[in-house]
Amino acid sequence: MNDSSFTVNEEGLRQALQALVDIDLHQATIDLPKTLPAKGIGEHNVIAELVPLILGGARHLGSETAFAHMDPPTPWITWATTMWNAALNQNLLHPDVAPVAREIETQVVDWLKPFFGMSGGHMTPGSTVANLTALWAARELRDVKRVLASKAAHVSIPKAAHILGLEFVALDCDASGCLDLGQLPDDLSDAAVVLTAGTTSCGAIDSLSTDIDAAWVHVDAAWAGPFRLSPTYHSILDGIEKADSISVSAHKWFFQPKESGLIFFKDVASAHRAISFGADYLAIPNVGLLGSHGANAVPLLATLLCWGLEGFNERISRAMGLADQLHQFLREQSEIVVFGPNVSGVILWRATGVAEPRILVDRMPAGSASTTRLAGEVWVRHVAANPNANMAALTIAIQDALSAVD
Ligand SMILES: Cc1ncc(COP(=O)(O)O)c(C=O)c1O
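Owing to the predicted nature of the structure, the values given are computational and were not obtained by experimental measurement.

> Hey, could you run me through the side chain of Gln-256 in this one?
Mapped onto the elements, Gln-256 comes out in the loop between strand 6 (245-249) and strand 7 (261-265). For Gln-256, the side chain forms a polar contact with the main-chain oxygen of Phe-254, separated by 3.1 Å. There is a polar contact of 2.9 Å between the side chain of Gln-256 and the side chain of Thr-303. Aside from chain neighbours lying at most four places away, what touches Gln-256 is Thr-74, Thr-78, Ala-250, His-251, Pro-299, Leu-300 and Thr-303.

> Explanation requested: the pattern of salt bridges in the structure shown.
Pairing between side chains of opposite charge can happen when the charged atoms of each approach one another. Enumeration over the complete set of coordinates arrives at 14 salt bridges. Put simply, Glu-140 and Arg-139 hold a salt bridge, and the shortest N to O gap is 2.9 Å. Take Glu-140: its relative accessible area is 39%, and that puts it in the partly exposed class. Among the ionic pairs, Lys-145 bridges to Asp-143, the shortest N-O distance being 2.8 Å. The class of Lys-145 is partly exposed, set by a relative accessible area of 45%.

> Would you take a moment to explain the packing of helix 8 (residues 297-331) against helix 10 (residues 391-405) for this structure?
Packed helices, taken two at a time, are described by the angle between their axes plus the distance between the axes. Packing of helix 8 against helix 10 brings their axes to within 10 Å, and their N-to-C directions diverge by 30 degrees. Considering the angle they form, helix 8 stands roughly parallel to helix 10. The two elements helix 8 and helix 10 meet at a crossing, and its hand is right-handed. In contact with Leu-322, Gln-325, Leu-326, Phe-329 and Leu-330 of helix 8, helix 10 contributes Met-391, Leu-394, Thr-395, Ile-398 and Gln-399. When its residues are assigned to classes, the contact of helix 8 with helix 10 shows seven nonpolar, three polar and no charged.

> What is the right way to read the sheet that holds strand 13 (residues 377-383) from this model?
By definition, the strands of a sheet pair up through backbone hydrogen bonds, in either a parallel or an antiparallel sense. Read from one edge of the open sheet, four strands run 10-11-13-12, paired in antiparallel fashion. The open sheet has two free edges, formed respectively by strand 10 (336-339) and strand 12 (370-374), since each of these has just one partner strand. Within this sheet the neighbouring strands show an average axis-to-axis angle of 40 degrees, counted without direction. On top of the sheet, helix 10 reaches strand 10, strand 11 (346-351) and strand 13; it is set at about 25 degrees to strand 11, its chief contact.

> Can you walk me through helix 6 (residues 156-164) in this structure?
Since one α-helical turn is 3.6 residues long, residues separated by three or four positions face the same way. Of all the positions in helix 6, only Ser-156, Ile-157, Ala-160, Ala-161 and Leu-164 are classed as buried. Across the axial projection of helix 6, the buried residues extend over an arc of 140 degrees, all falling on one side. Facing away from the buried side of helix 6 by over 90 degrees, the exposed positions are His-162 and Ile-163. On its buried face, helix 6 is in contact with helix 5 (127-142), strand 2 (146-150), strand 3 (167-171), strand 4 (188-196) and strand 5 (214-220). Two residues or fewer after helix 6 comes Gly-165, characterised by a positive phi angle close to 70 degrees.

> When you look at the packing of aromatic side chains in this model, what are you seeing that I'm missing?
The description of an aromatic ring pair uses the distance of the two centres, along with the angle that the planes make with each other. Summed over all chains, the structure comprises eight aromatic pairs. Seen from their ring centres, Trp-136 and Phe-277 are 6.4 Å apart, and the 25 degrees between their planes marks the pair as stacked. On the criterion of sequence distance, the pair formed by Trp-136 in helix 5 and Phe-277 in strand 8 (residues 276-277) is long-range, its members being 141 residues apart. Pairing Phe-227 with Trp-253 gives two aromatic rings, centres 5.2 Å apart and planes at 40 degrees, and the pair type is tilted. On the criterion of sequence distance, the pair formed by Phe-227 in the loop between strand 5 and strand 6 and Trp-253 in the loop between strand 6 and strand 7 is long-range, its members being 26 residues apart. Note on Phe-227: relative accessible area 0%, which makes it buried. According to the relative accessible area criterion, Trp-253 is buried, its value standing at 0%. Ring-pair connections join several aromatic residues into one group, and the members of that group are Trp-223, Phe-227, Tyr-233 and Trp-253. Positioned above the aromatic ring of Trp-379 is the side chain of Arg-350, whose terminal nitrogen or guanidinium carbon lies 4.5 Å from the ring centre.

Cut-offs used in this document
Residues numbered from 1 in each chain as written. Predicted model: local features only at pLDDT ≥ 70, side-chain atom pairs only at ≥ 80, totals over all residues. Heavy atoms only, no water. Helix = DSSP H or I, 4+ residues; strand = E, 2+ residues; numbered from the N terminus. Polar contact = N/O pair within 3.5 Å; in protein donor to acceptor, adjacent residues only side chain to side chain. Contact = heavy atoms within 4.5 Å. Salt bridge = Lys/Arg side-chain N within 4 Å of Asp/Glu carboxyl O. Buried < 20%, exposed > 50% of the residue type's maximum accessible area, 1.4 Å probe, protein only. Axes fitted to C-alpha atoms, helices over the stretch in contact; angles between N-to-C directions. Parallel < 35°, antiparallel > 145°, perpendicular 65-115°, else oblique. Left-handed = near helix turned anticlockwise from the far one by under 90°. Nonpolar A, V, L, I, M, F, W, Y, C, P; charged D, E, K, R; others polar. Pairing = 2+ DSSP bridges. Arc of directions from axis to C-beta. Phe/Tyr/Trp six-rings, centres within 6.5 Å; stacked < 30°, edge-to-face > 60°. Lys NZ or Arg CZ within 6 Å of the ring centre and 35° of its normal.

Structure (structure tokens):
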């Protein structure tokens, strides 16, 4: 049967693409059916109906004031390759239905692993899953019973400990938001220590160069991991190569569509063996947490091929340069207190005389700032995920928000 829903429809795809070109940022209300419709309206009508809701209602992460969270805009090569992925629907669980896609993932991991001093790894849907995968391997291989991390560690760390039946111990941070290494107990023979490279709240990077004699050391480099590819910034992560495992979110500073991340292991053969399961219907063992999973490496490979190391470094440097400019601007405002230096593009500030920073965020363009609690205070937070932000527009927005509460 020739079912037109499953064949290339250039006109429909052009209609969808044109909607991206003509994007109207003003959200339109649209009445979706309250119950699942009995009759379909067809592809062209669906595109027309959904454009105002899905495209108009979304937050645009590449807009000039987008600077709120660790969520970047994505380069168009990832849109094209993600469309191929959706059309081909390869399943990396089964080599026979994903012959090339599996090789692409191996290639991307092979390109990236030397920057981190790891022997291999695999893709995950982000660092939440990568962190759980790492601690699962630590439990299997080193009989880890406890997970120690700073109080600034991402929520996925205590969550992973909980899922794995491990005790979670939260340790104090120093004034810059890094794990205070003096808090580590002497005997770590049953412990996995998790260091964070780019904390969620303030971008702090725990000391990676100190030797930690623990059963397992994991570095959660969800945010700052991509620094390792940058000649300008890679030395900030010196020591990361000592870890047993490293998580990186590709949908953060690798500019990938969600969900995309990586877990790397120092000894990938042992780690993958420890987290593999076979089944009668599988041609090869199922490695890691996911069963069926798609070819997320394809857009990542395409992006790395497009930009090369130079183009990649240029984007990271541009984002960091914007964070530097913002930091400098904030420091020059007499009524503003800034939290620490720009370590990895996460900038926090408070205004003296404004008890509730949320008021300021609500007065700024949506998506330009967020809030976080740190050291007992609530701060306004900006994250340099968008290399195309316009600092003049952002600083005007901050000034307007401040003058509105004066
Ligand atoms: C330090 C850190 N670790 C882990 C995560 C979780 O990563 P993901 O959102 O890719 O699951 C985040 C997310 O912001 C993070 O900032």
